[in-house]
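Tertiary structure, described
Below, each chain spelled out in residue letters.
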There are 2 protein chains.
Amino acid sequence: MASDLEFHLGYWLRFVSNHVSHAFSLKLQARDVTVAEWVVLRDLFDGDGVAPSLLADRLGMTRGAISKLADRLIAKELIERTAAMEDRRQQTLSLTAAGRKLVPALSALADRNDAEFFGHLKPAERAALEKMLRDIVRRHDLKTIPTE
Amino acid sequence: MASDLEFHLGYWLRFVSNHVSHAFSLKLQARDVTVAEWVVLRDLFDGDGVAPSLLADRLGMTRGAISKLADRLIAKELIERTAAMEDRRQQTLSLTAAGRKLVPALSALADRNDAEFFGHLKPAERAALEKMLRDIVRRHDLKTIPTE
DNA sequence: TTTCATTAGTTTCCTAGTCAACCAATGGCA
DNA sequence: TGCCATTGGTTGACTAGGAAACTAATGAAA
């Protein structure tokens, strides 16, 4: 048979990743937060006061997306937008008190979700997986905006 | 510092997966195919003549999404929709000749993309990664539609 | 044999992204 | 000093997908 194409890691990576994210989004629903919003909140949590453009680079999203995402988070009063006074083009996004308070709770949900999907792995396996992912990120310098 | 939340595998999995998929989608662009379309074509390649609902289950998408995706692929003349004559509710999707011809070319692109992101891994590492992903799929029975 | 529940797919509305055009503010540089 | 290129961010048109309402065909039960 000519059938039965080669196994593609990328395929399964996406498949698993989609499921993991989906399960996580269900958990986040209870807190009225989306996965994308969580990622932003998490990023702001350590290293508060971040420029939208930097965020876009780090998270691999476009500036437009960050702009709208920020709007939503502001509407929920989880972050604030403040314009720099030296250069009024620039802004920084930072957590509100409510936002800062929320993050650990969301992090606990992420812990639970991780446990659900990766908890059965032996510590060495987990470590190996983490290392592989980190390596790929490093080797490809996956910090820059992926859309070119 | 209260900062520096725990490392979440799910986070990095999504991050890497998004980049891998994005890089792949750029390669597919040359053939005027999206990643989602590729996944359908690939599925139809071995085991032709598949019901949309089955496809939805297998790929973790809704029936609505498959319905529209099928429309697009039909417009591109890569697949066909044929109604079963015993039960006229049911249909099967199958590759056209052009579709069948295209798949191996796309598969080669997937090979290249895989090599780019995972090629540096030692065979044992690749195998371990593959096994972990397959295990997760199996343990969670990730065949059923993820949205519940 | 009519009616009703069930099943397979489609369609409509909505959300969250991208892309590209846009608007301001700034910083050269003539 | 005034113009223009650059930079930071926003906006509008468009796309893919999810949820839920819908349509059509079937099958079972009265």
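Check the entry above for the structure.
Quick caveat, the model's predicted, so the values are computed rather than measured.

Take the overall build of chain A next. Of regular secondary structure, chain A possesses six helices and two strands. Along the first, second and third principal axes, the C-alpha set of chain A runs to 65 × 35 × 30 Å. Counting across all 148 residues of chain A, residues that qualify as buried make up 27%. Taking the contacts inside chain A whose residues are at least 6 apart along the sequence as the reference set, 52% of them involve residues at least 24 apart.

All right, on to the interface of chain A and chain B then. Contact residues are listed per partner, giving 45 residues for chain A and 46 residues for chain B. Breaking the side of chain A that touches chain B down by element, the ones donating at least two residues are helix 1 (9–29), helix 2 (35–45), helix 5 (97–118) and helix 6 (123–139) of chain A. Top contributing element to the side of chain A that touches chain B by residue count: helix 1 of chain A, with 14 residues. In the side of chain A that touches chain B, the residues fall into 22 nonpolar, 13 polar and ten charged.

Looking now at the environment of B:Pro52. Residues and elements named next belong to chain B. Locating proline 52 in the fold gives a position in helix 3 (residues 52–59). Residue proline 52 is classed as buried on the basis of its C-beta count, with 20 C-beta atoms lying within 10 Å. Here the alpha-carbon distance between proline 52 and leucine 133, two residues 81 residues apart in the chain, equals 25 Å. Excluding residues that lie within four positions of it along the chain, proline 52 makes contacts with Arg63, Ile66, Ser67, Ala70, Gln91 and Leu93.

A few words now on the protein's contact with DNA strand D. Lining the immediate environment of DNA strand D, one finds 22 residues, of which A:Ser53, A:Gly64, A:Ser67, B:Ala36 and B:Ala65 sit closest. Looking at the surface near DNA strand D element by element, the count peaks at five residues for helix 4 (residues 63–75) of chain A. In terms of residue class, the surface near DNA strand D is built from seven nonpolar, nine polar and six charged.

Both copies of the chain are related by one operation, a rotation about an axis with a shift along it. Here chain A sits on chain B after a turn of 180° about the axis and a move of 0.0 Å along it, with an RMSD of 0.1 Å. This pairing of chains is accounted for by a two-fold axis. By residue overlap, the copies meet face to face through one surface: 100% of the interface positions of chain A are interface positions in chain B.

Before going further, it helps to spend a moment on the protein's contact with DNA strand C. Near DNA strand C, the surroundings consist of 22 residues, among which A:Ala36, A:Gly64, A:Ala65, B:Ser53 and B:Gly64 are the closest. Listed by contribution, the elements that provide at least two residues to the surface near DNA strand C are helix 4 of chain A together with helix 3 and helix 4 (63–75) of chain B. Per-class residue counts for the surface near DNA strand C are seven nonpolar, nine polar and six charged.

This brings us to the nonpolar core. As a rule of thumb, soluble globular proteins bury nonpolar side chains together. If you look at the biggest cluster of nonpolar residues, it comprises 59 residues, and the most contacted ones within it are A:Leu41, A:Leu44, B:Leu41, B:Leu44 and B:Leu106. If sequence neighbours within four positions are ignored, A:Leu44 has contacts with A:Val50, A:Ile79, A:Leu93, A:Ser94 and A:Leu95.

Residues and elements named next belong to chain A. Between helix 1 and helix 5, the shortest axis-to-axis distance is 10 Å and the interhelical angle comes to 140°. Crossing of helix 1 over helix 5 shows right-handed handedness. Within the contact between the two elements, helix 1 uses Val20, Ala23, Phe24, Lys27 and Leu28 and helix 5 uses Leu106, Leu109, Ala110, Arg112, Asn113, Glu116 and Phe117. Of the residues in the contact of helix 1 with helix 5, the class split is eight nonpolar, one polar and three charged.

Among all residues except glycine, the phi angle is most often negative; among peptide bonds, the trans geometry is most common. Within the chain, A:Glu77 stands out as a residue other than glycine whose phi angle is a positive 60°. Its place among the elements puts A:Glu77 in the loop between helix 4 and strand 1 (79–83). Residue classification places A:Glu77 among the exposed positions, given that 11 C-beta atoms sit within 10 Å. A positive phi angle, close to 60°, is found at B:Asp32, a residue other than glycine. Relative to the helices and strands, B:Asp32 is located in the loop between helix 1 (9–29) and helix 2 (35–45).

Owing to its 3.6 residues per turn, the α-helix brings residues three or four apart onto one side. All names here are of chain B. Looking at helix 3, one finds that the buried residues are Pro52, Leu55 and Leu59. Considered in projection along helix 3, the buried side chains sweep an arc of 55° and stay on one side of the axis. Against helix 2, helix 4 and strand 2 (91–95) lie the buried residues of helix 3. Where helix 3 terminates, the next one or two residues include glycine 60, which has phi positive at roughly 70°.

A separate point is helix 1 of chain B. Here helix 1 of chain B contains 21 residues, and its C-alpha end-to-end distance of 30 Å stays within 8% of the 30 Å for a straight helix at 1.5 Å per residue. Buried within helix 1 of chain B are the following residues: B:Gly10, B:Tyr11, B:Leu13, B:Arg14, B:Phe15, B:Val16, B:Ser17, B:Val20, B:Ser21 and B:Phe24. For helix 1 of chain B, the elements touching its buried residues are helix 1, helix 5 and helix 6 of chain A together with helix 2 and helix 5 (97–118) of chain B.

Calculation rules
Residues numbered from 1 in each chain as written. Chains lettered and ligands numbered in written order. Predicted model: local features only at pLDDT ≥ 70, side-chain atom pairs only at ≥ 80, totals over all residues. Helix = DSSP H or I, 4+ residues; strand = E, 2+ residues; numbered from the N terminus. Buried ≥ 20, exposed ≤ 12 C-beta atoms within 10 Å, placed from the backbone. Contact = placed C-beta atoms within 7 Å. Nonpolar A, V, L, I, M, F, W, Y, C, P; charged D, E, K, R; others polar. Near = placed C-beta within 6 Å. Least-squares fit on C-alpha atoms with pLDDT ≥ 70 in both. Core = buried A, V, L, I, M, F, W, Y, C linked by C-beta atoms within 7 Å. Axes fitted to C-alpha atoms, helices over the stretch in contact; angles between N-to-C directions. Left-handed = near helix turned anticlockwise from the far one by under 90°. Arc of directions from axis to C-beta. Expected span 1.5 Å × (residues − 1).

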